[in-house]
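Results of the structural survey
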Amino acid sequence: MTDVTGAPADVLHTLFHSEQGGHEQVVLCQDRASGLKAVIALHSTALGPALGGTRFYPYASEAEAVADALNLARGMSYKNAMAGLDHGGGKAVIIGDPEQIKSDELLLAYGRFVASLGGRYVTACDVGTYVADMDVVARECQWTTGRSPENGGAGDSSVLTSFGVYQGMRAAAQHLWGDPTLRDRTVGIAGVGKVGHHLVEHLLAEGAHVVVTDVRKDVVRDLTERHPSVIAVADTDALIRIENLDIYAPCALGGALNDDTVPVLTAKVVCGAANNQLAHPGVEKDLADRGILYAPDYVVNAGGVIQVADELHGFDFERCKGKAAKIYDTTLALFARAKEDGIPPAAAADRIAEQRMSEARARR
């Protein structure tokens, strides 16, 4: 079913009527010469210009791409609010297989579309895009972060993203077990790409036992060859069922926590880097009912956005690392607030973020 414009009606319903909507602006972008098809979604600019990365992914349909952009942009509003940044939330997706269609011409065309928003949206890297890509986009758009140091940027944001997730794990350990150390804890990581492999390094350095899986078998092979103590399992289904698993870290795509996975999850804590881990509303309660402590994704994976936001003002790594380290305090305070209010941590995080955005709108 479509509306009068031919757009899928369910997408427009999400945008204008659903609690998951409320977005300020959605831009559909096309450049036929380069093959670019993109969606830029701005959820909120209450706290400042919308900030969020660009995902390059072979979506099954345009409707799926729009839906993902809406969900991701909304998540960025909450992430930036909880991180204490003066930025709203936005996200862009480019439709297609980056291995097949990515080119300088396409990225330059995309940069022109971002530039046309006049600073309402600041872009960065995400799944399928890298520092070198942002260097190309920046040739057409000044509102581009995640660039290389040679081009005035901060470089790879996955370094601080993983550091923030690690701090979230430490906070969960302190809350649940009374000690922030992860030594001898067993941590399962699903997805050991840009962020996941850095997370492995943090955990091994502290003496944790690490189990991993990834759909890219060559990535897993390289990791286990470099770190022989790391154990690899066939897939996520096997990972979440491991006996005596302490922490599960989803670090790939979203929707990892759903009606199929939550009932069989053996971990006591879920804390990972993936965005939009909860497949639908209500999953956070299912986790709580099973006694599983959930560290909301947009709280613990904010290290990367802290880094790219700092890039706009002259990047300083140590300053950013200090801000990312505070994710430990933020997460610990969030768990205490959730316990006090008698609600799951995800609901408590939403309340705090919504309050900050509401107060910002009231000051306008």
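Here, every reference points to the structure presented above.
The rules behind each value
Residues numbered from 1 in each chain as written. Predicted model: local features only at pLDDT ≥ 70, side-chain atom pairs only at ≥ 80, totals over all residues. Heavy atoms only, no water. Helix = DSSP H or I, 4+ residues; strand = E, 2+ residues; numbered from the N terminus. Expected span 1.5 Å × (residues − 1). Buried < 20%, exposed > 50% of the residue type's maximum accessible area, 1.4 Å probe, protein only. Arc of directions from axis to C-beta. Contact = heavy atoms within 4.5 Å. Lys, Arg positive; Asp, Glu negative; His and termini not counted. Salt bridge = Lys/Arg side-chain N within 4 Å of Asp/Glu carboxyl O. Polar contact = N/O pair within 3.5 Å; in protein donor to acceptor, adjacent residues only side chain to side chain. Axes fitted to C-alpha atoms, helices over the stretch in contact; angles between N-to-C directions. Parallel < 35°, antiparallel > 145°, perpendicular 65-115°, else oblique. Left-handed = near helix turned anticlockwise from the far one by under 90°. Nonpolar A, V, L, I, M, F, W, Y, C, P; charged D, E, K, R; others polar. Core = buried A, V, L, I, M, F, W, Y, C linked by side-chain atoms within 4.5 Å.

For helix H14 (residues 327-341), which comprises 15 residues, the first-to-last C-alpha distance of 21 Å matches the rise-based estimate of 21 Å (1.5 Å per residue) to within 8%. Buried within H14 are the following residues: Ile327, Tyr328, Thr331, Leu334, Phe335 and Ala338. With its buried residues spanning 130 degrees around the axis, H14 presents them on a single face. Buried-residue contacts for H14 involve helix H6 (158-177), strand E12 (293-294), helix H11 (297-300), helix H12 (303-311), helix H13 (317-325) and helix H15 (345-362).

Another aspect to go through is the side chain of Arg74. Its location among the elements puts Arg74 in helix H2 (residues 62-82). With no salt bridge to any partner, buried Arg74 finds its closest opposite charge in Glu354, at an N-O distance of 4.5 Å. Engagement of the side chain of Arg74 in a polar contact is seen with the side chain of Tyr78, the distance being 3.3 Å.

Moving on, we get to the packing of H6 against helix H7 (residues 196-206). The contact between H6 and H7 brings their axes to 8 Å, and the two run at 45 degrees. Between H6 and H7, the interaxial angle falls into the category oblique. Between H6 and H7 lies a crossing of right-handed hand. When H6 is examined against H7, the residues Ser158, Val159, Ser162, Phe163, Val165, Tyr166, Met169 and Arg170 are found in contact with a partner set consisting of His198, Leu199, His202, Leu203 and Glu206. Counted by class, the contact of H6 with H7 contains seven nonpolar, four polar and two charged residues.

Quick look at the nonpolar core now. Generally speaking, a soluble globular protein has its nonpolar side chains buried in company with each other. If you look at the biggest cluster of nonpolar residues, it comprises 33 residues, and the most contacted ones within it are Met169, Ile189, Leu199, Val200, Leu203, Val212 and Cys271. Within the residue set of this core, elements represented by two or more residues are H6, strand E7 (186-190), H7, strand E8 (209-213), helix H8 (217-226), strand E10 (247-250) and H13. Here this core takes seven residues from H6, the largest share from any one element. When residues no more than four places from it in sequence are discounted, the contact partners of Val212 are Ile189, Val192, Val200, Val220, Leu223, Val230, Ile231, Ala232 and Val233. Residues Cys29, Leu107, Leu117 and Val137 belong to the second largest nonpolar core, which totals 23 residues.

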